Amino acid sequence: MAEGHVKPAALEQALKVLRERVDERTAAFLNACVRCGLCADTCHVYLADQEPASTPAAKVERVASLFRRYHTLLGRLAPGLVGAETLTEEALQALAAAAFGRCTLCGRCALNCSVGLDPAAIIRFARTVLVAAGMVPNGIQANIEAARASGNTMSISQEDVRETIAWLEEDLRQTIGDPEVSLPVDREGARVLYALNPRELKFFPLSISAAGMIFHAAGESWTLTSTDFDITNYGFFAGDIEAQREIADRLIRRAEELGVQELVVAECGHGYRTLRWEAPDWLGRPLPFAVRSFVEVMAEYLGAGRLRLDPSKNPDPVTLHDPCNLVRHGGVIEEQRYLLRHAVTTFVEMTPNREDNYCCGGGGGLLAASEHTAKRIESGKVKAEQIRATGAKVVASPCHNCIDQLMDLNRHYTLGVEVRTLGEIVADALILPVPPSS
Amino acid sequence: MTLGSLVLVAALLVALAGFLAQRFSRRFPRVPAPIAPARGSAAAGVLYAFTKAFFPTAKESASLHLASYLAGIGYHLGIFTALAGLLASLLPVRVPTAANAAGAVLTAIGLVCGLGLLAKRTLDARLRGISVPDDFVANLLVDAALATGIAAYLDHALVPLFQVTGAVLLLYAPLGKLRHMLFLVTSRRWSGAYFGRRGVRPTPQGPGNPRG
């Protein structure tokens, strides 16, 4: 985040956004809050730190007080009466602390707000104001710039992608003893484009192998792409309207070039949400292909008998973390449960679960914002306690962002669990077709 | 028409104009209809938001704070009863005694609940921390209207006083936090449509869903 003083020009830009870019939905939410404070216990950040500033109502109030100053009659005439605040450098710093430091945009408060407003939508608007002021955390901004410059947040070159996939393909053939299995890249006319989170190429390549095994077992016509493969979108996390559109557009254009019928998003909550739900609105047009999560696709294969699973191959008790953007904001709720019930011997639900589940604490781009690491780990305490209460040995989560946070929580809170993607668990349970050579 | 009735009618018209101006304001850019294909139903989500979502079991804000939830219900019950009495005061008919008694009881319940919520806002440090003067002013204006409403239900001679406090409340309503009476509706419509369209709320039904 920009340190020190906010330049007058930046303040002016932020004010311009505050004056001109509040849409009718955000205005309705900001006008509706009655500051009842009953949302407090729904927020994992507040539950963990018990600081009043972490309640959703307090975070919303940071934005609402500015809104009232510039958009309501009493806010202009009697700001003290209605708690209206002028936009100053201090107000922006406080807004940044609330919007980036104390909120993961998980939306759990939105489901539980007594009035029915959506605090996460309000905080996203606050982030848009902060983009104009140049106050996006450095790590998030760096990812945006990398994605814009290279097509992916980790600046992985096309050559590196091809080499990694070739290596994985060779390894996969040896592992399952089937020379026919392949990890196709840039194959035009494939039915499915499977798009990746760059973390998979860098740190979790076995999740790509797992996907390859599953597509192979299901007999799917699919491909990877060596360029513009990135499903992550830090523009979305930042509230950077231009960047989020540009980043999503690159992958969508690539899918159009390849002529696929379906874009399957690897296990990434916000990647799914942005491409499935938000991108058509950003681009102002419907997409010429379907967008689904890999979780939905695996569940469909299983339901259609295209995958056969042996749950005894996963004997340890497994619990499931619901990524907020996939579940609460995405509506993919039961498919992962259907998969786990068939892929593992013992599946234990967390409490609460599904759309009521708590955020892991790493959402909203916080994993990339190193200045908020301590708060991120602290707010993950709620999730750590949920996991520990299940007694599970494995935590499944269909989101690489959540997985990174869950691994940090595993270390910090000494949970003694293994954290895995759904695809890895399903792949381990696969009863593979017998290779032609044998 | 009495002077009190005239004041009340004038205030009612001003409040209505204030709310209509905010409801149909072009100040804020419109949100275009979402383009991505729906997974659930926006209409079902909106219906849920205005029905089941009001039950205490639907939201933690209610289930974890049942006393506050019930106080809120009681407060609003009293407010709507008082509003009915206020409108009835403009009609050239006398309300039956039994109805007056019932009105007085319901409004009194509202007043007690309102004062209870005011006490909570004053005494609870967390709540006080997010409060602004408007929160107290709005509560007190409503409480004053409820108190005079009770008096008017019990003694018809006090109706003009009730009309004046009601008029002050109506004039303030579109300006401060009381405007949530309009924006609660629009907020629930927005969030209901959002979660409904995405198939999150109401809980999806179907053979594959153990909750269905």
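Residues numbered from 1 in each chain as written. Chains lettered and ligands numbered in written order. Predicted model: local features only at pLDDT ≥ 70, side-chain atom pairs only at ≥ 80, totals over all residues. Heavy atoms only, no water.

Here we take up the packing of aromatic side chains. In the structure shown here, the tally under the stated rule is 11 aromatic pairs over all chains. Ring centres of phenylalanine 215 of chain A and tyrosine 301 of chain A lie 6.3 Å apart, and the angle between their planes is 75°; this geometry places the pair in the edge-to-face category. Of the two residues, phenylalanine 215 of chain A is situated in helix α13 (residues 205-218) and tyrosine 301 of chain A in helix α17 (residues 294-303); the sequence distance between them amounts to 86 residues. One exposure class covers both phenylalanine 215 of chain A and tyrosine 301 of chain A, and it is buried. Joined through ring pairs, the aromatic side chains of Tyr194, Phe215, Trp222, Phe294 and Tyr301 of chain A make up one cluster. The ring of tyrosine 358 of chain A carries the charged tip of arginine 108 of chain A above its face, separated from the ring centre by 4.0 Å. Here arginine 188 of chain B stacks its cationic end above the ring of phenylalanine 54 of chain B, 3.8 Å away from the centre of that ring. (Phe/Tyr/Trp six-rings, centres within 6.5 Å; stacked < 30°, edge-to-face > 60°. Helix = DSSP H or I, 4+ residues; strand = E, 2+ residues; numbered from the N terminus. Buried < 20%, exposed > 50% of the residue type's maximum accessible area, 1.4 Å probe, protein only. Lys NZ or Arg CZ within 6 Å of the ring centre and 35° of its normal.)

All names here are of chain A. Mapped onto the elements of the fold, glutamine 336 is located in helix α18 (residues 335-343). The exposure class assigned to glutamine 336 is buried, which follows from its relative accessible area of 0%. Residues contacting glutamine 336, with those up to four places away along its chain left out, are Val295, Leu320, Asp322, Leu326, Val327 and Leu422. (Contact = heavy atoms within 4.5 Å.)

Residue-level contacts link 54 residues of chain B with 69 residues of chain A. Three residues stand out in chain B for area buried against chain A, namely Arg39, Arg126 and Arg198 of chain B, and they jointly supply 14% of the buried area on that side. Between the two partners, chain B and chain A, sit 8 salt bridges. We note a salt bridge from arginine 108 of chain A to glutamate 60 of chain B, for which the minimum N-O separation is 2.4 Å. Across the chain B-chain A interface, the total number found is 31 residue pairs in polar contact (both at pLDDT 80 or more). In terms of residue count, helix α9 (residues 180-197) of chain B provides more of the side of chain B that touches chain A than any other element does, 11 residues in total. Looking at the side of chain B that touches chain A residue by residue, the class counts come to 25 nonpolar, 12 polar and 17 charged. (Buried area = accessible area lost by both parts, 1.4 Å probe. Salt bridge = Lys/Arg side-chain N within 4 Å of Asp/Glu carboxyl O. Polar contact = N/O pair within 3.5 Å; in protein donor to acceptor, adjacent residues only side chain to side chain. Nonpolar A, V, L, I, M, F, W, Y, C, P; charged D, E, K, R; others polar.)

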